[in-house]
Each structure stands twice: as structure tokens, then as C-alpha cells.
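# Overview (structure and organization)
Residues per chain, in single letters:
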Amino acid sequence: MDFDQLKDRMTSQFEEMSPQVQAAARYVLDNVEDVALMSMRQLAKEADVHPTTMVRLAQAVGFEGFNDLKDVFQTRLRAAPDDLVGRARGLQGKKNSTLKLLEEIEQNAHNNIYQSIHGSGAAKLEKAADFLLSAKCVFIMGLRISYPVAFSFSYAYGMFRSNAQLVDGQAGTTADSLRGIGEGDVLLAISVSPFSRDTVRAVRYARSRGAGILTITDSEITPMNGDRTLNLVARNESMTFFPSITASTALVESLIAIMIAKGGEDLLDVVAESRAQLDEFEAYWEVQSQTPPLLFSDKD
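Report follows, based on the coordinates. (Residues numbered from 1 in each chain as written. Predicted model: local features only at pLDDT ≥ 70, side-chain atom pairs only at ≥ 80, totals over all residues. Heavy atoms only, no water.)

### Quick notes on the overall build of the chain
- Helix and strand content of the chain: 13 helices and five strands.
- Looking at the 300 residues of the chain, the share that counts as buried comes to 44%.
- Across the chain, contacts joining residues at least 24 apart in sequence account for 68% of those joining residues at least 6 apart.
- Carbon together with sulfur atoms contributes 52% to the accessible area of the chain, which is approximately 17000 Å² in total. (Helix = DSSP H or I, 4+ residues; strand = E, 2+ residues; numbered from the N terminus. Buried < 20%, exposed > 50% of the residue type's maximum accessible area, 1.4 Å probe, protein only. Contact = heavy atoms within 4.5 Å. Areas by Shrake-Rupley, 256 points an atom, 1.4 Å probe, with all protein chains shown as cover.)

### Here we look at the packing of aromatic side chains
- Across all of its chains, the model carries five aromatic pairs by this definition.
- Ring centres of Tyr147 and Phe151 lie 6.1 Å apart, and the angle between their planes is 35°; this geometry places the pair in the tilted category. In this pair, Tyr147 and Phe151 are both assigned in helix α9 (residues 147-157), four residues apart and thus about one turn of the helix distant.
- Given the relative accessible area of 28%, Tyr147 is considered partly exposed. (Phe/Tyr/Trp six-rings, centres within 6.5 Å; stacked < 30°, edge-to-face > 60°.)

### A short note on the packing of helix α8 (residues 98-133) against helix α12 (residues 246-261)
- Contact geometry of α8 with α12 gives a least axis separation of 8 Å together with a crossing angle of 35°. Here the hand of the crossing between α8 and α12 comes out right-handed. In this structure, α8 contributes Ala109, Asn112, Ile113, Ser116, Ile117, Ser120, Leu125, Glu126, Ala128, Ala129, Leu132 and Leu133 to the contact, and α12 contributes Thr246, Ala247, Ala250, Leu251, Ser254, Leu255, Ile258 and Met259. (Axes fitted to C-alpha atoms, helices over the stretch in contact; angles between N-to-C directions. Left-handed = near helix turned anticlockwise from the far one by under 90°.)

### What about the pairing of strand β4 (residues 212-217)?
- The element β4 is extensively covered by neighbouring structure, given that six of its six residues are classed as buried.
- Two elements, β4 and strand β5 (residues 229-233), share five bridges in a ladder whose sense is parallel. Within β5, the position partnered with Ile216 by the bridge is Leu232. (Pairing = 2+ DSSP bridges.)

### Looking at the environment of Glu273
- Residue position: Glu273 is located in helix α13 (residues 264-280).
- When the C-alpha atoms of Glu273 and Met159 are compared, they prove to be 8.8 Å apart, with 114 residues separating the residues in sequence.

### Re the nonpolar core
- Formed by 29 residues in total, the largest nonpolar core has its most connected members in Met10, Met54, Leu57, Leu69 and Phe73.
- For this core, the secondary-structure elements that each account for two or more residues are α1 (3-12), α2 (19-30), α3 (32-37), α4 (40-47), α5 (51-60) and α6 (66-79).
- It is α2 that contributes the most residues to this core, six residues altogether.
- Residues within four places of Met10 in sequence aside, it is in contact with Met17, Ala25, Val28, Leu29, Leu57, Val61 and Leu69. (Core = buried A, V, L, I, M, F, W, Y, C linked by side-chain atoms within 4.5 Å.)

### A short note on α9
- All of the buried residues along α9 are Val149, Ala150, Phe153, Ser154 and Tyr157. Along the long axis of α9, the arc covered by the buried residues comes to 130°, so they all point the same way. (Arc of directions from axis to C-beta.)

### Quick word on the sheet that holds β4
- If you walk across this open sheet you meet the five strands as β2-β1-β3-β4-β5, and the pairing is parallel. Looking at the sheet topology across the chains shown, the edges are occupied by β2 (164-167) and β5. Within this sheet the neighbouring strands show an average axis-to-axis angle of 15°, counted without direction.
- Looking at chain direction, strand β1 (residues 138-142) and β2 are connected through four bridges and run parallel. By the bridge assignment for β2, Met141 is matched with Val167.
- Its contacts with the sheet put α8 on β1, β3 (186-190), β4 and β5, and the angle it makes with β5 is roughly 145°.

### Looking at a negative patch on the surface
- Together, Glu265, Asp266, Asp269 and Glu273 line one region of the surface with negative charge.
- A relative accessible area of 59% places Asp266 in the exposed class. (Patch = residues over 30% accessible without salt bridge, like charges linked within 9 Å, V, L, I, M, F, W, Y side chains within 5 Å. Salt bridge = Lys/Arg side-chain N within 4 Å of Asp/Glu carboxyl O. Lys, Arg positive; Asp, Glu negative; His and termini not counted. Charge placed at Lys NZ, Arg CZ, Asp CG, Glu CD.)

### Thoughts on a nonpolar patch on the surface
- Taken together, Phe151, Tyr155 and Tyr284 make up a surface patch of nonpolar side chains, about 310 Å² in accessible area.
- Relative to the assigned elements, Tyr155 resides in helix α9.

Okay, structure coming up:
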């Protein structure tokens, strides 16, 4: 069994696991390098479960013991680029030097983006882009810290396609914005732990109406998992008290780029029309070509 098969099996059997085994499953899928490098007891301590729970998790997915499960994670790590092993883990705290702190923030952002894009992989990102392109209507939802990511996708997507609906919940209109969602539509839901209650409800409602679900989250296992769901995981480790949205934004930009690359000349025509429409409204400040008058001259 390779890592992808193990991940699929763990995800599909998640609802059948006990709460403690679920906690262990969530931890190992969210910390794959740690599973390869740390002892079972260390992992259990980090996951806040008893060591025997790790054994039960391994047995639940078809292994005799935990070491067999760990072998899968070690094989994956050996196949990964070297810099993935040595990347910064977790919060590092503030340093006395501002320059040092900024360097760590930069490296942290790089690690988040690298893990998220390469963890998803080109094939899965292309599948997600095709999923969106096939939709009759794309509903886009992200609340609180995820709202800027959802809005960014909605704005960029609207430059070349006109079948999007931003579900932002303003004035309590979440239910209203989802009215009419159904088969052939896709809900793009962006949320991180602790997950927004309204976003989870929206996903479950959209699924009950037959819509497909594409999620961008910080975990392989979320309350939004289910049928007709494709999940992209964005690492959100941060130097501060709130999660980073850098990797989520990078995934959104990747999806937009893939869709544009697939669009051909027709898409370019739509983009040109969108720009022309914005120009009619003089939406952007244009730098004047003439030289502005001098307030003072050398003769003054």
C-alpha cells in the first residue's frame, strides 16, 4: 500500500473510527513528516492520545502494527525533496532581531506554499480546475480569515467567466445566496480549523442538492468531507496568532492560472471585454502622459 492508497483508506473509514482513533488519524495525515521521523509514543503525545490508539489506527486501515503504517510514511519521505525534510516546523516565536524575524516569516511562507502546491500535485490541481470549468455555476464561499481568498478567486474568475456566485453571508444572506444550487454546480468552500459553522452547513446543503464540492482546507479530514468532494490542503502555519492564508492564496492562483491556460482564444476575448468594461467606468487610475506643472522653478 502506498501513501495515496493509505490516505484514501483512512479518509473513507474515518466516520467508522472511534473519536480517539479519529484524532490520531487526523494528526498523522496533517503531520506526515513527523510520522516518518518520530517514535510512536512521541506521536501519541503530540496527538493527545494513548500510544495504543496509534496501534488501533494502524489495524483499522489493514496493518498488523504501527511500524507497518510508519513504513508507508517513511517511503513517502524518502521520495520527497531534501528541503522538505529540513523545513521549519510550527511556530518559532519572535526573535530579538527584526531582520531575523522577517527572514523566518519569508521562509515560513515559502514552506507553506511549497508543501501545499507540491502536496496537491499537478494532476490533482488540474483535476480541480477541470471540476470548476465543468460547472454550470460556481458558488464561492470563505468566511472570516478565508474571506480574502474567496473574494480573490471570485474577482479573478469573474474576469473570464460569468457563472460565479460569491456566498459572503452579508446581512445574513448565506441561505439566499445558495438558493438554486443543484446538480451540475460546484461549491468552492474555503475554511480552516476551527471551521466556520456556516461554511460547513453550506457544504452539506449543497451536497444534499446534488452539487459537487471543492474545498481548500488545512486538513485531509474535515467536517466538509463526503461524496462528490475534492479537497486541496493548504498549510497555514503562521508566526502569529492567526493562520496564514499565503498557501490558500497560492492554490487559488494556481487554479486560476490552469483554467486560463486551458481557455484558448475565446477566453482572451472575454478578458479583453472585461478590461474594456472597466475602462468605461474609469476603474483604474491612469498615469498622465503630460508633465505636470512645476510648483516651484529654479528661478524662484
